[in-house]
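Notes for the structure review
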Amino acid sequence: MSSHAGILVVDDEERIRSYCREILELQGYTVEEAGNGMEALKKMTETPFALVLSDIMMPDLGGLELATRIRKSYPDTFVILITGHATIDTAKKAIQEGAFDFITKPFKMTELNQSVERALEVRKRYISDLPSHELMDLYDLTTKIDVGPRKQQSFLESLALALMKTFRGDAARIYLVEAGTENLLVRSCGAGSESMLSDYDWQTYANAAQMDVGDILVGGDSALEAPVSSRMISLMAGSIPSMEGSLGVCLVLRSEVPNGFTRRDLKLMGLFAAQAGNQLLNYRMASDLKHNSEELEKINLLTTDFSSSLDTPHVLSSIGKGLMSMVPFDLFGVYLSGEGLMPLSYILARSDLPEEVLNVDLRRQLEGYRDARTIDMFLDSMYRDSFACLREADWEVSADIKILDLGGFGSFRGMLILAAWSRKTRSLETSSFLPILVRHAAAALSNAYHYETSERNYIQAIAALARAVDAKDPYTSNHSRNVAAYVMAMSKLMGLTSRESNWLHNAALLHDIGKIGIPESILNKKGALSDKEFDVIKQHPDMGYRILKPVTAFSNFVESVRYHHERYDGNGYPHGLTRERIPFHACVLTLADSFDAMTSDRIYRPSPGLDYAVGEIEKHSGSQFDPDLVRLFIRVLGKQSPKEIISDYIAGEGQHFPVS
Ligand SMILES: [Fe+2]
């Protein structure tokens, strides 16, 4: 920076340029020429000059404007302006625009030489005030564009240290504008003997530079005096500018008054602050980019999780828990509804949320957004989860509520509700990616719900078929329904998950579907069956399996249908499987199936009665039936009679499956 040695002569008159050049070259200077202001600026970007000698009156870019630009971008370059119309005003203007001196045409050789010599001498003194190698440190630091391995904080710490060393200060501090505020300055880092000035004074100067006064110079060249509370000091404070406004303030302090900072120091610090501003923006952009890519990755994982299941409760729970990692809510809810469809609602709330707050306060608030009926249906949600949370919450105040409209999904419309009572997370200002996540969530939910609806439709269709099979024999018209009732009673006592119970339930309804292919003459034969006829009957489990197998929705229970006539001892049909090789659900079906057969009238015999049936299943425990299941079923029958079991079933699950 301090090695500028050349002189650039700028004039649109070739004659004047040559005249100046000859005079200056005679003195041993290196001289270059430019025909106008723009050409001069271009040359400045290629070669640094110690001095620019420029005419004021030039087309396009005049000398005054050129001087302003040079002062801004090349503070080490001095400018002397040449004018043909010397007035006090021109002179004043020239100096105001940053020119070191001006000379009037026509000028003598000595006049030009003296002015140039004086400018270069003063310049030399200024430049020597700042040791070039230290200036280079600062320059390197502020122009480095590698934002990878270096963190912003370590960059700022190096900047504070470099500012202090470069300007031979005793301490330096950097304040940055707090994120999310307009002008609140917070100390980011410091270097040297910061205690020479109180925190209050540091902050006062920083605020003044940021908001009121602009760059500040205390002591040295300046008329501003140091605060009485501190020792005699000189101080510079300059804003860190960027395209997006001021990012903060840097300050340097020196105790050796009267050798205080000069205006030139302040100007130079301003230049480096501008470069530091660019650098900080680079860090922030890199950090935003990283944050965004991490958030996108998170969203990708979450949406994959949403879409990986068609089970509505699972999808709802994964949406709620997924959102929790992005938005600090206390309550999350989804409400979907559509004409002719059962509304679907889900609430995930922190476990310490008082019922009254939910049912009274929140209800009142929500009714401001939606009609009371919708809010009732939402709050009486069919699915509910809770989570533990240690965040402070103020249940006395109204919740901060955000309602997101999910738009339409086929016949569905939906809304998503977020509420927060936590003081520290009162604002539900959320990630810009939240709408994407919500759209995925709603789509996954809609898919799951439609899938379940279509699965239910399937079940109803097949149950109707099962009913048709049962109807082939007027004595067994409720057989499938009864078997379903017994397996559901056993499933409750076994504590099966709702998913497993569903499979078992469907298997019970459809276990004899294969009989649809058995001639009625065999099914309804009054006398004993011949071996051949019995062989035909024995085909019904495999036939049922073949009917149900192509339907993916039935894949979880087709095996139970296939093996519901196997026996524990291996003497069953159609495959003769034994013990553990028989699917567990098939064993449950076998027991319920046989029990219903023994407690119902048949065409060839009346029902032998409950006591007989219980005696038989006990007798065949371990041979025909799984002994553990027999014990369990006896317990079921100890609690309820078969009639009660069946009527409970009809009042509950059975109402969706009208098989009788
Ligand atoms: Fe059967």
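Residues numbered from 1 in each chain as written. Predicted model: local features only at pLDDT ≥ 70, side-chain atom pairs only at ≥ 80, totals over all residues. Heavy atoms only, no water.

Remarks on the overall build of the chain
Each helix and strand in the chain was counted, giving 23 helices and 15 strands. A buried classification covers 48% of the 660 residues belonging to the chain. For the chain, restricting intrachain contacts to residue pairs at least 6 apart in sequence, the fraction spanning at least 24 positions comes to 66%. (Helix = DSSP H or I, 4+ residues; strand = E, 2+ residues; numbered from the N terminus. Buried < 20%, exposed > 50% of the residue type's maximum accessible area, 1.4 Å probe, protein only. Contact = heavy atoms within 4.5 Å.)

Here's the deal with the coordination of the iron ion
Donor atoms from the polypeptide that coordinate the iron ion comprise Asp512 (OD), His540 (NE2), His564 (NE2) and His565 (NE2), at 2.2 to 2.5 Å from the metal. Coordination at the iron ion is irregular, judged from the four donor atoms that bind it and the angles of 78 to 162° they form at the metal. Counting gaps between the donor residues of the iron ion yields the pattern D-x27-H-x23-H-H. With His540 in helix α18 (residues 540-548) and His565 in the loop between α19 (558-562) and α20 (584-599), this pair connects stretches of sequence that are 25 residues apart. (Donors = N, O, S within 2.8 Å, 3.2 Å for Na, K, Ca; no water. Tetrahedral: all angles 85-135°; square planar, octahedral: opposite > 155°, others 65-115°.)

Points about the packing of helix α7 (residues 152-166) against helix α9 (residues 263-307)
Between α7 and α9, the least distance of the axes is 11 Å, while the angle of their chain directions is 170°. It follows that α7 is roughly antiparallel to α9 by the angle criterion. Listed contacts from α9 to Gln152, Phe155, Leu156, Leu159 and Leu163 of α7 are Met269, Ala276, Gln279, Leu280, Tyr283 and Arg284. When the residues that make up the contact of α7 with α9 are grouped by side-chain class, the tally is eight nonpolar, two polar and one charged. (Axes fitted to C-alpha atoms, helices over the stretch in contact; angles between N-to-C directions. Parallel < 35°, antiparallel > 145°, perpendicular 65-115°, else oblique. Nonpolar A, V, L, I, M, F, W, Y, C, P; charged D, E, K, R; others polar.)

Some remarks on the pattern of salt bridges
Applying the stated criterion to the full structure yields 20 salt bridges. Between Glu25 and Arg21 there is a salt bridge whose closest N-O contact spans 3.1 Å. Within this pair, Glu25 and its partner Arg21 are both found in helix α1 (residues 14-26), separated by four residues, close to a single helical turn. A residue is classified by how much of its surface remains accessible, and Arg21, at 27% relative accessible area, is partly exposed. (Salt bridge = Lys/Arg side-chain N within 4 Å of Asp/Glu carboxyl O.)

Concerning the packing of aromatic side chains
Taken as a whole and judged by the stated rule, the model has ten aromatic pairs. Taking 5.9 Å as the distance between ring centres and 75° as the angle between the ring planes, the aromatic pair formed by Phe534 and Tyr573 counts as edge-to-face. Placement of the pair is Phe534 in helix α17 (residues 531-537) and Tyr573 in the loop between α19 and α20, with a sequence separation of 39 residues. We classify Tyr573 as buried; its relative accessible area is 14%. With centroids separated by 4.9 Å and ring planes inclined at 90°, the aromatic side chains of Phe595 and Phe633 adopt a geometry described as edge-to-face. Here the residue Phe595 occupies a position in helix α20, and Phe633 occupies one in helix α22 (residues 627-639), the gap between them amounting to 38 residues. Here Phe595 falls in the buried class, since its relative accessible area comes to 0%. Feature note: the residues Phe329, Phe332, Tyr346 and Phe387 constitute an aromatic cluster, connected by ring pairs. (Phe/Tyr/Trp six-rings, centres within 6.5 Å; stacked < 30°, edge-to-face > 60°.)

Here we look at the sheet that holds strand β5 (residues 101-104)
Pairing between sheet strands relies on hydrogen bonds along the backbone, with the strands arranged either parallel or antiparallel. The sheet built from five strands is open, its strands ordered β2-β1-β3-β4-β5 with parallel pairing. The open sheet terminates on both sides in strands that have one partner only, identified here as β2 (31-34) and β5. Averaged over all adjacent pairs, the angle separating strand axes in this sheet is 20°, with direction ignored. Note: strand β3 (residues 51-55) against strand β4 (residues 78-83), five bridges, orientation parallel. (Pairing = 2+ DSSP bridges.)

Brief notes about the sheet that holds strand β10 (residues 248-254)
Spatially, five strands are ordered β7-β6-β10-β9-β8 in an open sheet, and the strand pairing comes out antiparallel. The open sheet has two edge strands with one neighbour each: β7 (185-192) and β8 (216-218). Across the sheet, the mean angle separating the axes of adjacent strands is 15° when strand polarity is ignored. In this sheet, β7 lies alongside strand β6 (residues 171-177) in antiparallel orientation, the contact comprising seven bridges. Paired with Leu176 across the strands is Val186, a residue of β7.

Some points on the nonpolar core
By size, the foremost hydrophobic cluster in this structure holds 49 residues, and its most contacted members are Val487, Met490, Leu548, Phe554, Leu591 and Phe633. Grouped together as the second largest cluster of nonpolar side chains are 33 residues, Val334, Leu348, Phe433 and Leu437 included. (Core = buried A, V, L, I, M, F, W, Y, C linked by side-chain atoms within 4.5 Å.)

Some remarks on the environment of Ala485
Mapped onto the elements of the fold, Ala485 is located in helix α14 (residues 479-494). Note: C-alpha distance between Ala485 and Leu509 (24 residues apart in sequence) is 9.4 Å. Leave out the neighbours within four places in its chain, and Ala485 touches Ile645, Ile646 and Tyr649.

Looking at the pairing of β4
With respect to burial, β4 is a largely interior element, six of its six residues being buried. Because side chains alternate across β4, one face comprises the buried residues Phe78, Ile80 and Ile82, and the other comprises Val79, Leu81 and Thr83, equally buried. In this fold, the crossover linking β3 to β4 by way of helix α3 (residues 63-73) has right-handed handedness. Pairing of β4 with β5, which is carried by four bridges, proceeds in the parallel orientation. Bridge pairing links Ile82 to Ile103 in β5. (Right-handed = clockwise from strand over helix to strand, strands pointing away.)

Notes on a nonpolar patch on the surface
A surface patch of nonpolar side chains, amounting to about 210 Å² of accessible area, comprises Leu465, Ile516 and Ile547. Note that Ile547 resides in helix α18. Since its relative accessible area comes to 35%, Ile547 is described here as partly exposed. (Patch = residues over 30% accessible without salt bridge, like charges linked within 9 Å, V, L, I, M, F, W, Y side chains within 5 Å. Areas by Shrake-Rupley, 256 points an atom, 1.4 Å probe, with all protein chains shown as cover.)

Re the packing of α14 against α22
Where α14 meets α22, the closest approach of the two axes is 10 Å, and the angle between their N-to-C directions is 100°. Relative to α22, α14 is oriented roughly perpendicular. On α22, the residues touching Tyr486, Ala489, Met490, Leu493 and Met494 of α14 are Leu629, Leu632, Phe633, Arg635, Val636 and Lys639. Residue composition of the contact of α14 with α22, grouped by class: nine nonpolar, no polar and two charged.

Side note on α1
In a regular helix each residue adds 1.5 Å, so 13 residues correspond to 18 Å; α1 covers 18 Å between its end C-alpha atoms and thus fits that length. Burial in α1 covers these residues: Ile16, Arg17, Cys20, Ile23 and Leu24. Take α1 and look down its axis: the buried residues cluster within an arc of 135°, on one side only. Exposed residues lying more than 90 degrees from the buried face of α1 are Arg15, Glu22 and Leu26. One or two residues past the end of α1 sits Gly28, with phi positive at roughly 95°. (Expected span 1.5 Å × (residues − 1). Arc of directions from axis to C-beta.)

What to know about the confidence of the model for the chain
Averaged over every residue, the pLDDT of the chain is 81; the share at 70 or more is 85%. With pLDDT under 50 throughout, residues 656-660 is counted as low confidence; its partners more than four residues away or in other chains account for 14 contacts. (pLDDT = per-residue confidence, 0-100.)

What about the side chain of Ser594?
Counting through the fold element by element, Ser594 comes out in helix α20. When sequence neighbours within four positions are dropped, the list of residues in contact with Ser594 reads Gln624 and Phe625.

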